Amino acid sequence: ALTFVFGAFCLQQMPVLPSLYWAFLLVPIAVVYSWLRYSNEYALIDVLNHLRRFLFIALSFLLGFFWAAGYATLRLDDALPYDWENKPVVMIGVVASVTEFTERGERFHFDVEQVLTKAAMIPQHISLSYYPPGSWADAQTSSASRVSKFKAGERWRITARLKRPHGTQNPHGFDFEAWALAENIRATGTIKAKADNTKLQDFVWRPHYLVEHLRELVQLRISSVLAGKPYSGIIQALVMGDDSQITVNDWQLFLRTGTSHLMSISGLHITMLSGLAFGVIGFFWRRIPLLAMRLPTRKAATVGAVLVALAYALIAGFAVPAQRTLYMIIVFAAALWSGRQLVIAQVLALALLLVAVLDPWAVISPGFWLSFGAVAILAYALGARIGMMHWLKAALQTQWAVTIGMLPLLLIMFHQASIISPLANAFAIPLISFIVTPLALLGSFLPLDFALHLSYQALNVCMQLLIWLNQLPAAVWQQQSPPLWTLLSAFLGIAWVL
């Protein structure tokens, strides 16, 4: 699994795609490996056993490399021709995402079904922006008081000007082109407001559009109940994974206090809900003899826990931390059903492999490395212990392990690390995970306004404490980005300390 992921990572670092004909290298390697694997004649020769292991590692690396290359080749083929940049194109398609409000308008993903402009070649997945007629000042209103013209799942006939995804290339800056490629956005464009844009169908019944429609309903409910609240965007991020409404100042606060991992959908939230579903289903299931005799309680509760985790991950936009947690839960569930005993390293490796297979671009996301890295560090530092540890000691050791273990990655990716993060996370994790998020979910999916208001009040307390901590001197350690080769010695030091 590790060498497969490393192969996909190496492909993402290349300036140009290799020819897929090189993938035929896999054939002779696979043949030799199979011969060594199933031949009993040389089973006792150590040299051939080492060669077999080496070939298996090489085969895994090349599989990851060319799997990512094949994905990239298919996606790059679906590109907007240069001749059609900034030319009006009439198309029919479906709004494929929840609308994201911007300063002057709104933005959403659009699945192109039919191009009406003669000879025009348009990618299937694009991102469109719409700026309503009127002055800029008229658009400077909060997202809570704005109503989107385009709803998820609607089919529209639209006239737009498109262009290829372009971004500035700055060292350590946001790479928009890489992000657009990973998100399968093959063109961006602006809808002509004065054109004859017509809604053709209120809703297209497909699973993906249904999920986006549900996410849109959740967004509308949060924005209406918490209208005018400065931190309503954080509640929206915790419930549905959309962090577009979190202000830049709030993001800086979370980054400086080391709590940014909590302000969007994290694995902790999904695990908490999944565990709650496991407990509730198990409580009732074992009290109904007819059900308990048909299916063991633990297996029934496991199925319910997986379904709840899947539903929350879909509502949350299926980000990398959500994927990692969902796949780990599925692997644990499969192990329980089959009666196998898996160690955490195997579960983590299988989840890592699943993420890289389904999304080869995940390996260039900082969240991918931080998410898997944090779980691996906790498993290494706290695993293989005998007996139950006191909850306070466990909490302190968890904070110590994560703070020390994630320091090299944070310095290389963000050039800074929070000194006050252990103290900030000590109160932010229980507040956000066990009070704010459950109440926000309860108020978002049920008509219980008081739950959303209580969630917001708890979040406000957390924010005020974070603001106070951020004002302390030397809250953040900043430095230049260290060279990549220093990661090896840093991880050796971390392994020794922990």
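Above this text sits the structure in question.
In this text the structure is predicted, and so the values were computed from the model without any measurement.

A. Quick peek at the overall build of the chain. Secondary structure summary: the chain contains 19 helices and 9 strands in total. For 498 residues, the compact-globule estimate of 2.2 N^0.38 gives 23 Å, and the chain sits close to it at 25 Å. Counting only C-alpha atoms, the chain reaches 80 × 60 × 55 Å along its principal axes. In the chain, buried positions account for 41% of the 498 residues. Look at the contacts in the chain between residues 6 or more apart in sequence, and 74% of them connect residues 24 or more apart. Carbon and sulfur atoms make up 66% of the accessible area of the chain, which totals about 27,100 Å². Taking the average location of the 34 positive side-chain charges in the chain and that of its 25 negative ones, the two points are 8 Å from each other.

B. Local environment of the pattern of salt bridges. Throughout the structure, instances matching the rule amount to 8 salt bridges. Linking lysine 199 and glutamate 154 is a salt bridge whose minimum nitrogen-to-oxygen distance equals 3.6 Å. On the criterion of sequence distance, the pair formed by lysine 199 in strand β7 (residues 198-201) and glutamate 154 in the loop between α4 (136-139) and β5 (155-163) is long-range, its members being 45 residues apart. The exposure class assigned to glutamate 154 is buried, which follows from its relative accessible area of 7%.

C. The arrangement of the nonpolar core in detail. Of all hydrophobic cores here, the largest spans 61 residues; its most connected members are Ile234, Ile235, Phe368, Ile432, Leu459, Met463 and Leu466. Leaving out residues up to four positions away in the same chain, methionine 463 has contacts with Tyr231, Ile234, Asp250, Leu253 and Phe254. Residues Phe108, Ala120, Ile158 and Ile191 belong to the second largest nonpolar core, which totals 20 residues.

D. Fine view of a nonpolar patch on the surface. A contiguous nonpolar patch, built from Trp205, Leu210, Leu214, Leu217 and Leu220 and spanning about 520 Å² of accessible area, is present on the exposed surface. Here leucine 217 is to be found in helix α6 (residues 207-225). Taking the relative accessible area as the measure of exposure, leucine 217 reaches 44% and is therefore partly exposed.

E. Structural view of the pairing of β5. Note that strand β1 (residues 88-95) and β5 share 7 bridges and pair antiparallel. Looking at the pairing, glycine 93 lines up with tryptophan 156 of β5. In this structure, β5 lies alongside β7, joined through 3 bridges in antiparallel fashion. Bridge assignment links arginine 157 to a residue of β7, and that residue is threonine 198. As defined by bridge partners, β5 adjoins strand β6 (residues 188-191) across 4 bridges and the pair is classed as antiparallel. Bridging from a neighbouring strand, leucine 162 pairs with glycine 189 of β6.

F. Quick peek at the packing of aromatic side chains. Counted by the stated rule, this structure contains 21 aromatic pairs. Between the aromatic rings of tyrosine 71 and tryptophan 361, the centroid separation amounts to 6.2 Å while the plane-to-plane angle is 70 degrees, which identifies the pairing as edge-to-face. With tyrosine 71 in helix α3 (residues 46-77) and tryptophan 361 in the loop between α13 (344-358) and α14 (366-382), this pair connects stretches of sequence that are 290 residues apart. Since its relative accessible area comes to 28%, tyrosine 71 is described here as partly exposed. Tryptophan 361 sits in the buried class, given a relative accessible area of 3%. Ring pairing ties together the aromatic residues Phe108, Phe110, Tyr130, Phe150 and Trp156, which thus form one cluster. If you follow lysine 87 out to its NZ or CZ, it ends over the ring of tryptophan 84, 5.7 Å from the centre. Lying across the ring of tyrosine 82, arginine 164 places its NZ or CZ 3.9 Å from the centre.

G. Fine view of the packing of α13 against α14. With their axes 10 Å apart at the nearest point, α13 and α14 run at an angle of 170 degrees to one another. Here α14 runs roughly antiparallel to α13, going by the angle between their axes. Across from Ile344, Leu348, Ala351, Leu352 and Val355 in α13, the residues of α14 making contact are Phe368, Phe372, Val375, Ala376 and Ala379. In terms of residue class, the contact of α13 with α14 is made up of 10 nonpolar, no polar and no charged.

H. Focus on helix α1 (residues 2-12). Where α1 is concerned, the buried positions are Phe4, Val5, Gly7, Ala8, Leu11 and Gln12. Down the axis of α1, the buried side of the element spans an arc of 155 degrees, and every buried residue falls inside it. On its buried face, α1 is in contact with α3, α13 and α14.

I. Broad picture of unusual backbone geometry. In this model, alanine 119 sits at a positive phi of 70 degrees, which is unusual for a non-glycine residue. Residue classification places alanine 119 among the exposed residues on the basis of a relative accessible area of 63%. Positive phi outside glycine occurs at alanine 474, with the angle close to 55 degrees.

J. Inspection of the packing of α1 against α13 at higher detail. At their nearest, the axes of α1 and α13 sit 9 Å apart, and the two run at 30 degrees to each other. When the axes of α1 and α13 are compared, the pair comes out roughly parallel. Crossing geometry of α1 relative to α13 is assigned as left-handed. Across from Leu2, Phe4 and Val5 in α1, the residues of α13 making contact are Leu352, Leu353, Ala356 and Val357.

K. The arrangement of the environment of glutamine 471 in detail. Among the secondary structure elements, glutamine 471 is positioned in the loop between α18 (449-470) and β9 (476-478). Sequence separation between glutamine 471 and tyrosine 71 is 400 residues, and the spatial gap between their C-alpha atoms is 46 Å.

L. Spotlight on the environment of leucine 268. Counting through the fold element by element, leucine 268 comes out in helix α9 (residues 267-285). Each C-alpha atom of the pair leucine 268 and alanine 322 lies 9.2 Å from the other, and the pair is 54 residues apart in sequence. If near-sequence neighbours (up to four positions away) are discounted, leucine 268 is found in contact with Ile429 and Ser433.

Criteria and thresholds
Residues numbered from 1 in each chain as written. Predicted model: local features only at pLDDT ≥ 70, side-chain atom pairs only at ≥ 80, totals over all residues. Heavy atoms only, no water. Helix = DSSP H or I, 4+ residues; strand = E, 2+ residues; numbered from the N terminus. Rg over C-alpha atoms; globule rule 2.2 N^0.38 Å. Buried < 20%, exposed > 50% of the residue type's maximum accessible area, 1.4 Å probe, protein only. Contact = heavy atoms within 4.5 Å. Areas by Shrake-Rupley, 256 points an atom, 1.4 Å probe, with all protein chains shown as cover. Lys, Arg positive; Asp, Glu negative; His and termini not counted. Charge placed at Lys NZ, Arg CZ, Asp CG, Glu CD. Salt bridge = Lys/Arg side-chain N within 4 Å of Asp/Glu carboxyl O. Core = buried A, V, L, I, M, F, W, Y, C linked by side-chain atoms within 4.5 Å. Patch = residues over 30% accessible without salt bridge, like charges linked within 9 Å, V, L, I, M, F, W, Y side chains within 5 Å. Pairing = 2+ DSSP bridges. Phe/Tyr/Trp six-rings, centres within 6.5 Å; stacked < 30°, edge-to-face > 60°. Lys NZ or Arg CZ within 6 Å of the ring centre and 35° of its normal. Axes fitted to C-alpha atoms, helices over the stretch in contact; angles between N-to-C directions. Parallel < 35°, antiparallel > 145°, perpendicular 65-115°, else oblique. Nonpolar A, V, L, I, M, F, W, Y, C, P; charged D, E, K, R; others polar. Arc of directions from axis to C-beta. Left-handed = near helix turned anticlockwise from the far one by under 90°.

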